[in-house]
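Okay, here's what each chain looks like letter by letter:
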Amino acid sequence: MRRTEALRSLVRETHLAPDDLVWPLFVRPGKKVRNPVKSMPGVFQLSVDELVEEAQAGFEAGVRSVILFGIPLHKDATGSGAWDEEGEVPQAVRALKRSVPGMVVMTDVCMCEYTDHGHCGVLKVPQAGRPRKAGQGAPEGELSVDNDATLALLAKEAVAHARAGADIVAPSDMMDGRVAAIRKALDEDDYQDVPILSYAAKFAGAFYGPFRDAAESAPVEGPGIPRDRKGYQMDPANWREAVREVALDVQEGADLVMVKPAVPYLDILRVLRDRFELPLAAYHVSGEYAMIKAAAERGWIDEARVMMETLLCIRRAGADLVLTYFARDAAALLTGRRR
Ligand SMILES: [Zn+2]
């Protein structure tokens, strides 16, 4: 059954189609801005006008979905730019809905691009006088992310995106209870039909480095500011916890759930695929993209072939959709349309 391509395709179990791909795009203020992201060749921070052109080119190549990340000029302690209806993301959503009406527009819902400290929620001083065992909680003098105070802010951000016309909102913050809070706020604002793609199993790790250059969202160094996101993102060692996290988000009303990163976590995708019926997404993240790009630049691997094999294997592991910076290139290869 492997002798010819026709025989092989007759028994092929997994297929990759442009419809399965979601293209992450970064929007920043200004006009005619197209800033290359150094650690991610082929990825740019774009002003709204340039982003529309980029999305149009992607659509022509076969891409049918994008997810938007905002890079605001103004950041503050509460991340108030996140729910500004005139912010970069709502502007880009409206422009895309006008100019590329066939494109599904998702928006990332999180605080880290909008807070001056770079965390995914607002910070608080841990309760004074609370007995603390050695090694428990945040180190002495360190602030921690205020889970419950962040929920209302995320809900406002999601509503602002829905009002602009977002087809799907995608919370990536990993606060407990945020899917329920966002669902409630959307329903109250009459957006019952806007689905939630939950970053349900998002692991804390090193594969996000280049993204933080692109989105300018790395936690900053400063007195009391937690140095990493291990307080709310998942431990890479845990798969049962991933099942629990997804079950909670499903209970709270998530419509689609995501695993992030993708390739080092294919076993997690498989476990979730076998246990849940919801559509499952995988985020092939910036570090995974950068590694392929870097090896290809050196001539050590065949970029197109490694790209296609990687995306196919993420699908085989159980992902229905794949968020990837390769979306346009892969779609162009699949459709045979030049970009
Ligand atoms: Zn975040």
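Residues numbered from 1 in each chain as written. Predicted model: local features only at pLDDT ≥ 70, side-chain atom pairs only at ≥ 80, totals over all residues.

Regarding the overall build of the chain
1) Next: Counting secondary structure elements, the chain contains 11 helices and 12 strands.
2) Next: Over its C-alpha atoms the chain spans a radius of gyration of 20 Å, differing by no more than 12% from the 20 Å that the globule rule assigns to 339 residues.
3) Next: For the chain, long-range pairs separated by at least 24 residues make up 75% of all intrachain contacts whose partners lie at least 6 apart in sequence. (Helix = DSSP H or I, 4+ residues; strand = E, 2+ residues; numbered from the N terminus. Rg over C-alpha atoms; globule rule 2.2 N^0.38 Å. Contact = placed C-beta atoms within 7 Å.)

Observations regarding the nonpolar core
1) Next: If you look at the biggest cluster of nonpolar residues, it comprises 103 residues, and the most contacted ones within it are Val22, Val27, Val66, Leu68, Ile182, Ala281 and Ala282.
2) Next: Among the elements that take part in this core, helix α4 (residues 147–164) stands out by supplying 9 residues, more than any other. (Core = buried A, V, L, I, M, F, W, Y, C linked by C-beta atoms within 7 Å. Buried ≥ 20, exposed ≤ 12 C-beta atoms within 10 Å, placed from the backbone.)

Focus: the packing of helix α8 (residues 266–275) against helix α10 (residues 303–317)
1) Next: Closest axis-to-axis distance for the α8/α10 pair is 8 Å, and the angle between their directions is 35°. Every residue of α10 that contacts α8 at Leu266, Leu269 and Arg270 is listed here: Cys313, Ile314 and Ala317. (Axes fitted to C-alpha atoms, helices over the stretch in contact; angles between N-to-C directions.)

Some points on helix α7 (residues 240–252)
1) Next: Under the 1.5 Å per step criterion, the end-to-end length of α7 is 19 Å for 13 residues, consistent within 8% with the ideal 18 Å.
2) Next: Taken together, the buried positions of α7 are occupied by Ala242, Glu245, Val246 and Asp249. An end-on view of α7 places all buried positions within 95° of arc, on one side of the element. Facing away from the buried side of α7, by more than 90 degrees, are the exposed residues Arg240, Arg244 and Gln251.
3) Next: Two residues or fewer past α7, Gly253 is found with a positive phi of approximately 115°. (Expected span 1.5 Å × (residues − 1). Arc of directions from axis to C-beta.)

Notes on the pairing of strand β9 (residues 197–202)
1) Next: Burial runs high along β9: 6 of the 6 residues are buried.
2) Next: Of the pairings in the sheet, the one linking β9 to strand β10 (residues 256–260) comprises 4 bridges and is parallel in character. When the bridges of β10 are listed, Lys202 appears paired with Lys260. (Pairing = 2+ DSSP bridges.)

So, the environment of Val89
1) Next: In this fold, Val89 is placed in helix α3 (residues 88–99).
2) Next: The buried category is assigned to Val89, around which 29 C-beta atoms lie within 10 Å.
3) Next: As a C-alpha pair, Val89 and Ile71 span 18 residues in sequence and 8.5 Å in three-dimensional space.
4) Next: Other than its neighbours up to four places away in sequence, Val89 contacts Val27, Leu68, Gly70, Thr107 and His161.

Remarks on unusual backbone geometry
1) Next: Residue Pro261 is bonded to the preceding Lys260 through a cis peptide linkage, with omega at -10°.
2) Next: Within the element layout of this structure, Pro261 appears in the loop between β10 and α8.
3) Next: A positive phi angle, near 55°, is found at Lys32, a position not held by glycine.
4) Next: Residue position: Lys32 is located in the loop between β1 (21–27) and β2 (34–36).
5) Next: For Lys32, a count of 8 C-beta atoms within 10 Å translates into the label exposed.

Thoughts on the packing of helix α2 (residues 48–61) against α3
How two helices sit against one another is set out by the angle between their axes and by the gap between those axes.
1) Next: Packing of α2 against α3 leaves a shortest axis separation of 10 Å and a crossing angle of 45°. The orientation of α2 relative to α3 falls into the category oblique. Helix-helix and strand crossings are classified by hand; for α2 and α3 the assignment is right-handed. Contacts between α2 and α3 pair Val48, Leu51, Val52, Ala55 and Gln56 from the former with Gln91, Ala92, Ala95, Leu96 and Ser99 from the latter.
2) Next: A per-class count over the contact of α2 with α3 returns 7 nonpolar, 3 polar and no charged. (Parallel < 35°, antiparallel > 145°, perpendicular 65-115°, else oblique. Left-handed = near helix turned anticlockwise from the far one by under 90°. Nonpolar A, V, L, I, M, F, W, Y, C, P; charged D, E, K, R; others polar.)

Digging into the pairing of β1
1) Next: Burial runs high along β1: 7 of the 7 residues are buried.
2) Next: Of the two faces of β1, the one holding Leu21, Trp23, Leu25 and Val27 and the one holding Val22, Pro24 and Phe26 are both buried throughout.
3) Next: The pairing of β1 with strand β12 (residues 321–324) spans 2 bridges and is parallel. Each bridged residue has a counterpart across the sheet, and for Val22 the counterpart in β12 is Leu323.
4) Next: The pairing of β1 with strand β4 (residues 65–70) spans 5 bridges and is parallel. Bridge assignment links Leu25 to a residue of β4, and that residue is Leu68.
5) Next: Pairing analysis gives 2 bridges linking β1 to strand β3 (residues 44–46), with the strands arranged parallel. Within the sheet, the bridge partner assigned to Phe26 lies in β3 and is Gln45.

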